[in-house]
Amino acid sequence: MDMSTLGDLGRGLTSALGCFGAAIGVAMIGLKAVEMVGRNPGVSGKILVQSILGMALAEAIAFYSLFLYQG
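Keep in mind the model is a prediction, meaning the values are calculated, not measured.

Draft legend 1. Broad picture of the packing of aromatic side chains. Inspection of every chain in the model, using the stated rule, returns one aromatic pair. Taking the centre distance of 6.2 Å and the plane angle of 10° together, the rings of Phe 63 and Phe 67 count as stacked. Residue Phe 63 and its partner Phe 67 are both found in helix H2 (residues 44-68); the two are separated by four residues, about one turn of the helix. With a relative accessible area of 46%, Phe 63 lands in the partly exposed category. With a relative accessible area of 63%, Phe 67 lands in the exposed category.

This is the structure in structure tokens:
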């Protein structure tokens, strides 16, 4: 294996781990949002806004890992 191949492998693994972490984060946010709405349905609108914001921030990490390390 030459250094170019190892570099490509490292970039691919970094991107994969970043996307995996973002997927876990989005899943945890969704899980907790559903749990909170189940406990207190009256605040579902506020929880929805906060969970969407949190999911967007978690997905930004996936985009960073995909585009930053592919250069």
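Draft legend 2. Local environment of H2. Between the first and last C-alpha of H2 there are 35 Å, a value that for 25 residues agrees with the 36 Å anticipated at 1.5 Å per step. Along H2, the residues that are buried comprise Ile 47, Ser 51, Ala 58, Ala 62 and Ser 65.

Draft legend 3. Structural context of the pattern of salt bridges. Here the structure, examined in full by the defined rule, presents three salt bridges. In this structure, Glu 35 engages Lys 32 in a salt bridge whose closest nitrogen and oxygen atoms are separated by 3.6 Å. Within this pair, Glu 35 and its partner Lys 32 are both found in helix H1 (residues 3-39), separated by three residues, close to a single helical turn. Arg 39 serves as the salt-bridge partner of Glu 35, at 3.3 Å between the closest nitrogen and oxygen. Pair noted here: Glu 35 and Arg 39 are both in helix H1, with a separation of four residues, about one helical turn.

Draft legend 4. Geometry of the packing of H1 against H2. Interhelical geometry of H1 versus H2 gives an angle of 175° and a closest axis separation of 8 Å. Compared by their axis directions, H1 and H2 come out roughly antiparallel. Of the residues in H2, those touching H1 at Thr 14, Ser 15, Gly 18, Cys 19, Ala 22, Val 26, Ile 29, Gly 30, Ala 33, Met 36 and Val 37 are Ser 44, Ile 47, Ser 51, Gly 54, Met 55, Ala 58, Glu 59, Ala 62, Ser 65 and Leu 66. Tallied by class, residues from the contact of H1 with H2 come to 12 nonpolar, eight polar and one charged.

Draft legend 5. Molecular detail of H1. Helix length check: H1, at 37 residues, gives a terminal C-alpha distance of 54 Å against a target of 54 Å (1.5 Å per residue), a fit within 8%. Considered for burial, the residues of H1 that qualify are Ser 15, Gly 18, Ala 22, Val 26, Gly 30 and Ala 33.

Draft legend 6. Quick peek at the side chain of Ser 65. Relative to the helices and strands, Ser 65 resides in helix H2. Sequence-distant contacts of Ser 65, that is, excluding residues within four places in its chain, are made with Thr 14, Ser 15, Gly 18 and Cys 19.

Quick notes on the rules
Residues numbered from 1 in each chain as written. Predicted model: local features only at pLDDT ≥ 70, side-chain atom pairs only at ≥ 80, totals over all residues. Heavy atoms only, no water. Phe/Tyr/Trp six-rings, centres within 6.5 Å; stacked < 30°, edge-to-face > 60°. Helix = DSSP H or I, 4+ residues; strand = E, 2+ residues; numbered from the N terminus. Buried < 20%, exposed > 50% of the residue type's maximum accessible area, 1.4 Å probe, protein only. Expected span 1.5 Å × (residues − 1). Salt bridge = Lys/Arg side-chain N within 4 Å of Asp/Glu carboxyl O. Axes fitted to C-alpha atoms, helices over the stretch in contact; angles between N-to-C directions. Parallel < 35°, antiparallel > 145°, perpendicular 65-115°, else oblique. Contact = heavy atoms within 4.5 Å. Nonpolar A, V, L, I, M, F, W, Y, C, P; charged D, E, K, R; others polar.

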